[in-house]
Amino acid sequence: MTQPPASTGTRIPERPTLDGLEDKWLQVWQDEGTYTFDRARALSLPREQVFAIDTPPPTASGSLHVGHVFSYTHTDCMARYQRMRGLEVFYPIGWDDNGLPTERRVQNYYGVRGDATLPYEEDFTPPFTEGVDERGKTIRPYDQRPISRKNFIELCDILTVEDEVAFESLFRRLGFSLDWDISYRTIDERSRAVAQQAFLRNLARGEAYQSEAPGLWDVTFQTAVAQAEVEARDYPGAYHRVAFHRIDEDGARGPVYIETTRPELIPSVVALIAHPDDERYQPLFGTAVTSPLFGVEVPVLAHRAAEMDKGTGIAMCCTFGDLTDVMWWRELQLPIRSVITRNGRLQAELPEWIAGGKGEQLYAAELATKTTFSAREAVVTALRASGDLDGEPVKTQRKANFYEKGDKPLEIVTSRQWYIRNGGRDVDLRAALVRRGEEIDFHPAFMQARYRNWVEGLKGDWLISRQRFFGVPFPVWYPLDPQGEADYSRPLTPPESALPVDPQIDVPAGYTAGQRGAPGGFMADPDIMDTWATSSMTPQIAAGWPVADGSGLRSDAELFEAIFPMDMRPQAHDIIRTWLFSTVTRAHFEHESIPWRSAAISGWILDPERKKMSKSKGNAETPEDVVRAHGADAVRYWAASGRLGTDAAYDTGEMKIGRRLAIKVLNASKFALGFGAGAGDLHAAVVNPLDLSMLAALADVVDKASAGFESWDYTRSLEVTETFFWSFCDDYLELVKERAHGGQGEAEAASARAALRLALETLLRLLAPFIPYVTEEVWSWFGDGSVHRQPWPARGELPAGGDPALLASVGAALTKVRKVKSEAKLGMRAMVHTMTLVGTPGQLDDVRIAEADLKASSRIGELRYAEGDGLEVREAELVPVEKVARS
């Protein structure tokens, strides 16, 4: 028989309260290292006795929101459960502090923007703080002062450290049982070395490559964007019916109408394309037409991606308006005639294919350097004047691609970028990565389909370079030829022992600093890695994957070998396509394995309008005020009430229920402990059938709660435990109160007291993963050590032989008596002089066994029985409290 945890005498406060518990216990946990990972123990245990978590590093850019509380609480509940099961839990914490969100925050906070052409300023003081000027007005983008790359990076580092201090304080207050000694920043020296080493190995194996090609570009952030970071949004636009002109054999011109929402791209048109089965345009295939306004001759071609029922059925292919244009350009081997530049404006130089033509003056005077919006207006005005606009534009809502953190539609520009192969262009690799996904246990299981669908739907490789400042630089230089031109075909890379490097500062082997930028010298790769390229290595960063020479930078080959692949990756479902997939890809290449065995996928937190809460959307609630108002245990209760993979509403009402639960734990525990537990064997002391029934029901709860955690259904564990706890308080405590006080003799009292103590010890441990503060407080009143280091309850700890149905029947009878008193508008202390209890034979037999407890708790004088279909109280003669007192 499994023995319950040992307990000592009680230390119950006179007036238990939730106030101050968080400050008290988070300090104790920190001082005593309650959640510290024991590396030596982990290395001595079998692998299945260690539970390693790849904790999501939250983005350090401003403030957290309640969605973080939701998902991190789920993870923490599992970590606490596994720790109580006796496993050594590896539970690190990192901060994702590089990337575009951080840069945007720094720009808005300090009123600056990075400019790689500017020199470094010593002792630089930013012009603004907290996003406002000296008059308290919000800083606008055109007020931002350009500063050097190095100055900008320094400000990013300062602000993210400040944010991370606030984040850590909140995470500690929420009771997350992280080991704060195992922490990292995705911009720190180790993270940079890990990311650079993995990249260099990808490059050496041919998994990483560089290419100059059209790609998605965010004109606000001035950087390339990967397919996984794109979201389609409705965007207002208008269809313009525009005439191109064909030349018949006899020289006569005729119109060919297209419909477009982007007439400003007419200068970059390279073909008109229709479906090969479209009989309207079959006679035109192989001929040419001229563009309106500019008179540029372009071919009419066939492609099956053209949509016959969209618009006029024939479309102009421009380089580039959308991803379909890229596909047509690539598959039909069309020329590039780009006019949209990286800043979202049309190029200043007159395009060579327009020079000398009829549109030369129009382009130079009305289109050059204009935004796409201004250029669109100018082109439409010119089309009206030329007669090439058929009718007026028809307003519509079109789908446009946006960077997930951006505000303007993406453009497609041609640039040199770094890529990692991900199966988007390799059928065999795609199949291998799908199989990797099948090796991972997704919770809930249906989330695996999202992974598969994403991988199977990829259209290209993973673009990992960004044209920004605050991130991990590519460890690459390029030799310059005698004319000073970079030779991209011969990249220069450092040895792994030199990592991390900053190619903007460090010099490649065989060169001197004086040769930087000089003909015959070298230049640094100007880009940084996408933030996912770094965070895709979080298992390696946290678990000690050896880097450089393996002796420093927190390298720990022994630990990494012991805990990789890890056990759990918790994350939200919207980043399966980014963080989860990229981590699987990197592990597949580097280790030929999966990075973890299970992926726990959380849903979103929705606002009152059922929209996802996020900082970027401006509808997120910050958790600091919520925790202050309701308490950490109450907020955790709300979070744990939402199942994995399911979106949940932000609900302060649920938090109030959680607070009431915590208060009830205090009060019920004080009541139960107030009787003492008696001396000797508690199991042997429990002899009353009602006590054995309660403990048998509790044993069933232990089984169900354990099964809930084992199936990753934390919410089920909380539900069954909480349901039993309220029944325990409402029914059992009331039923045994008089007996525990000695009203039925010492042996019966000892049975009740022992059962109360056994039940309390078990319930506190069942509730500990969810409401850690109040359970720790109560445990300290009578138990040794921390409740969070106690063994998880097991059925064998509780006395056997009880029948759970007994307590159910007696509790139901108690409820019926309460109802009779309530309907008579009498208090629960009113006496029942006489009554008849109707019920099935089995129910009545149960009640007879515990009749003394029922009569004492309900103040029943004479109790008669009658058989019937269900429990019911009849012929009750009630005596109000005041009459009882007078008599």
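Above this note sits the structure.
Residues numbered from 1 in each chain as written. Predicted model: local features only at pLDDT ≥ 70, side-chain atom pairs only at ≥ 80, totals over all residues. Heavy atoms only, no water.

Asker: I'm lost on the overall build of the protein in this one. Help?
Answerer: For the protein, the count of helices and strands is 27 helices and 29 strands. Taken along the three principal axes of its C-alpha coordinates, the protein extends 120 × 65 × 60 Å. Counting the 887 residues in the protein, one finds 55% classified as buried. Considering only residue pairs separated by 6 or more positions, the protein has 78% of its internal contacts joining residues 24 or more positions apart. Counting every atom, the protein has about 36800 Å² of accessible surface; 49% of that belongs to carbon and sulfur. Separation of charge centres in the protein, based on 99 positive and 128 negative side chains, amounts to 4 Å. (Helix = DSSP H or I, 4+ residues; strand = E, 2+ residues; numbered from the N terminus. Buried < 20%, exposed > 50% of the residue type's maximum accessible area, 1.4 Å probe, protein only. Contact = heavy atoms within 4.5 Å. Areas by Shrake-Rupley, 256 points an atom, 1.4 Å probe, with all protein chains shown as cover. Lys, Arg positive; Asp, Glu negative; His and termini not counted. Charge placed at Lys NZ, Arg CZ, Asp CG, Glu CD.)

Asker: So what exactly am I meant to see when it comes to the sheet that holds strand 18 (residues 462-463) here?
Answerer: In a beta sheet, neighbouring strands pair by backbone hydrogen bonds and run either parallel or antiparallel. Strand order in the open sheet made by the 4 strands is 8-7-16-18, with antiparallel pairing throughout. This sheet does not close on itself; its edge strands, each paired only once, are strand 8 (223-224) and strand 18. Relative to strand 18, strand 16 (residues 411-420) runs antiparallel, the two being bridged by 2 bridges. The partner of Tyr 419 across the bridge, within strand 18, is Leu 463. (Pairing = 2+ DSSP bridges.)

Asker: Just to check I follow, could you spell out empty space enclosed by the protein for this structure?
Answerer: Where empty space is left can be seen by rolling a probe of water-molecule size over the atoms. Counted according to the given criterion, the structure contains 1 cavity of 30 Å³ or more. Here the largest cavity defines a volume of roughly 50 Å³. Every residue along the wall of the largest cavity is listed here: Val 665, Ala 668, Ser 669, Phe 725, Phe 728, Leu 760, Leu 763, Leu 764 and Leu 767. Here the lining of the largest cavity gets 4 residues from one element, more than from any other, and that element is helix 22 (residues 746-767). Residue classes in the lining of the largest cavity are distributed as 8 nonpolar, 1 polar and no charged. (1 Å grid on protein atoms, 1.4 Å probe; cavity = no way out; pocket = protein on both sides within 12 Å on 5 of 7 lines; lining within 4 Å. Points joined across faces, edges and corners; volume = space filled by probe spheres on them. Nonpolar A, V, L, I, M, F, W, Y, C, P; charged D, E, K, R; others polar.)

Asker: Help me understand the sheet that holds strand 27 (residues 831-839), please; the structure alone is not making it clear to me.
Answerer: The 3 strands lie next to each other as 28-27-29, forming an open sheet whose pairing is mixed. The open sheet is flanked by strand 28 (860-867) and strand 29 (872-879), the only strands paired with a single partner. Adjacent strand axes in the sheet meet at a mean angle of 10°, parallel and antiparallel pairs treated alike. With 6 bridges joining them, strand 27 and strand 29 adopt antiparallel strand pairing. Paired with Val 838 across the two strands is Glu 872, which belongs to strand 29. In this fold helix 26 (residues 851-858) packs onto strand 27 and strand 28, with an angle of close to 130° to the strand it touches most, strand 28. (Axes fitted to C-alpha atoms, helices over the stretch in contact; angles between N-to-C directions.)

Asker: Looking at this model, I keep getting lost on the environment of Leu 334. Mind explaining?
Answerer: Summarising the element assignment, Leu 334 is placed in the loop between helix 7 (323-331) and helix 8 (360-367). Counting along the chain gives 20 residues from Leu 334 to Ile 314, while the straight-line C-alpha distance between them is 17 Å. Those residues within four positions of Leu 334 in sequence are excluded, and the remaining contacts are Val 270, Ala 271, Leu 301, Cys 317, Trp 328 and Trp 329.

Asker: It is not clear to me how the environment of Arg 41 should be interpreted in this structure. Could you clarify?
Answerer: Relative to the assigned elements, Arg 41 resides in helix 2 (residues 39-44). Distance from Arg 41 to Leu 606, taken between C-alpha atoms, is 42 Å for residues 565 residues apart in sequence. Those residues within four positions of Arg 41 in sequence are excluded, and the remaining contacts are Gly 86, Leu 87 and Glu 88.

Asker: Mind showing me how you'd approach the environment of Ile 187 here?
Answerer: Topologically, Ile 187 is positioned in the loop between strand 6 (183-185) and helix 6 (189-204). Along the sequence, Ile 187 and Tyr 91 sit 96 residues apart, while their C-alpha atoms lie 20 Å from each other. The contact partners of Ile 187, leaving out residues within four places of it in the chain, are Asp 97, Asn 98, Asp 157, Arg 192, Phe 470, Gly 471 and Val 472.

Asker: Hey, could you run me through helix 15 (residues 576-591) in this one?
Answerer: In an α-helix, one full turn covers 3.6 residues, which means residues spaced three or four apart are oriented alike. In terms of residue burial, helix 15 counts as a mostly covered element, since 15 of its 16 residues are buried. Backbone geometry just downstream of helix 15 places Glu 592 in the positive-phi region, at approximately 55°.

Asker: I would appreciate a short explanation of the packing of aromatic side chains in the present structure.
Answerer: Each aromatic ring pair is characterised by the separation of its centres together with the angle its planes make. Per the counting criterion, the structure on display carries 35 aromatic pairs. One aromatic cluster is present, formed by Tyr 72, Trp 95, Phe 167, Phe 171, Phe 176 and Trp 180 through successive ring pairs. Taking NZ or CZ as reference, Arg 569 lies 3.2 Å from the ring centre of Trp 579, over its face. (Phe/Tyr/Trp six-rings, centres within 6.5 Å; stacked < 30°, edge-to-face > 60°. Lys NZ or Arg CZ within 6 Å of the ring centre and 35° of its normal.)

Asker: Quick question: what am I supposed to make of the packing of helix 10 (residues 427-439) against helix 15 here?
Answerer: When two helices pack together, their arrangement is captured by the angle between the axes and the distance separating the axes. Look at helix 10 against helix 15: their axes get within 10 Å of each other, and the N-to-C directions meet at 110°. Compared by their axis directions, helix 10 and helix 15 come out roughly perpendicular. Residues Leu 429, Ala 432, Leu 433 and Arg 436 of helix 10 touch helix 15, and the partners they reach there are Phe 581, Val 584, Thr 585, His 588 and Phe 589. Across the contact of helix 10 with helix 15, the residue classes break down as 6 nonpolar, 2 polar and 1 charged. (Parallel < 35°, antiparallel > 145°, perpendicular 65-115°, else oblique.)

Asker: Would you take a moment to explain unusual backbone geometry for this structure?
Answerer: Where the residue is not glycine, phi is negative for most of them; where a peptide bond is considered, it is trans in most cases. Residue Thr 319 is joined to Phe 320 through a cis peptide bond whose omega torsion reads 5°. The omega torsion across Phe 564 and Pro 565 is 0°, close enough to zero to call that bond cis. Here Pro 565 lies in the loop between helix 14 (557-563) and strand 23 (566-572). Backbone geometry places Leu 553, a non-glycine residue, at a positive phi of 55°. Relative to the helices and strands, Leu 553 is located in the loop between helix 13 (538-543) and helix 14. Phi angles above zero are rare outside glycine, and Lys 825 is one such case at about 60°.

Asker: What's the story with helix 26 in this structure? I'm lost.
Answerer: Turning to helix 26, its buried residues are Asp 853, Leu 854, Ser 857 and Ser 858. Buried positions in helix 26, seen along its axis, are confined to an arc of 110° and lie on one side of it. Lining the buried residues of helix 26 we find helix 20 (689-710), helix 21 (714-740), helix 24 (804-823), strand 27, helix 25 (841-849) and strand 28. Note on helix 26: the residue one or two positions beyond its end, Arg 859, has a positive phi of about 60°. (Arc of directions from axis to C-beta.)

Asker: Mind showing me how you'd approach the pairing of strand 9 (residues 230-247) here?
Answerer: Sheet faces and side chains relate simply in a regular strand, where the side chains alternate between the two faces. Relative to strand 15 (residues 394-403), strand 9 is paired through 10 bridges, and the arrangement is antiparallel. Bridge assignment links Ala 238 to a residue of strand 15, and that residue is Lys 395. Both strand 9 and strand 12 (residues 288-290) contribute to a ladder of 2 bridges, which runs antiparallel. Looking at strand 12, one finds that His 245 is bridged to Thr 290.

Asker: Hey, could you run me through the packing of helix 1 (residues 21-32) against helix 23 (residues 772-782) in this one?
Answerer: Running from N to C, helix 1 and helix 23 cross one another at 80°; their axes reach a closest spacing of 10 Å. Here helix 1 lies roughly perpendicular to helix 23, going by the angle between them. For the pair helix 1 and helix 23, contact is made by Leu 21, Glu 22, Lys 24, Trp 25, Leu 26 and Trp 29 and by Pro 772, Tyr 773, Val 774, Glu 776, Glu 777 and Ser 780, respectively. Residues of the contact of helix 1 with helix 23, tallied by class, amount to 7 nonpolar, 1 polar and 4 charged.

Asker: Quick question: what am I supposed to make of the pattern of salt bridges here?
Answerer: Oppositely charged side chains can pair when the atoms bearing their charge come close. Taken as a whole and judged by the stated rule, the model has 62 salt bridges. A salt bridge links Asp 163 to Arg 105, with the nearest nitrogen and oxygen atoms 2.8 Å apart. You can see Asp 163 sitting in helix 5 (residues 149-173) and its partner Arg 105 sitting in helix 4 (residues 100-110), a full 58 residues away along the chain. On the basis of relative accessibility, which here comes to 6%, the residue Asp 163 falls in the buried class. Among the residues examined, Arg 105 registers a relative accessible area of 22% and is labelled partly exposed. As a salt-bridge pair, Glu 212 and Arg 416 come within 3.4 Å of each other at their nearest N and O atoms. Separated by 204 residues along the polypeptide, Glu 212 in strand 7 (residues 208-218) and Arg 416 in strand 16 bring together distant segments of the chain. Residue Glu 212 is classed as exposed on the basis of its relative accessible area of 51%. Judged by relative accessible area, Arg 416 falls into the partly exposed class, the value being 26%. (Salt bridge = Lys/Arg side-chain N within 4 Å of Asp/Glu carboxyl O.)

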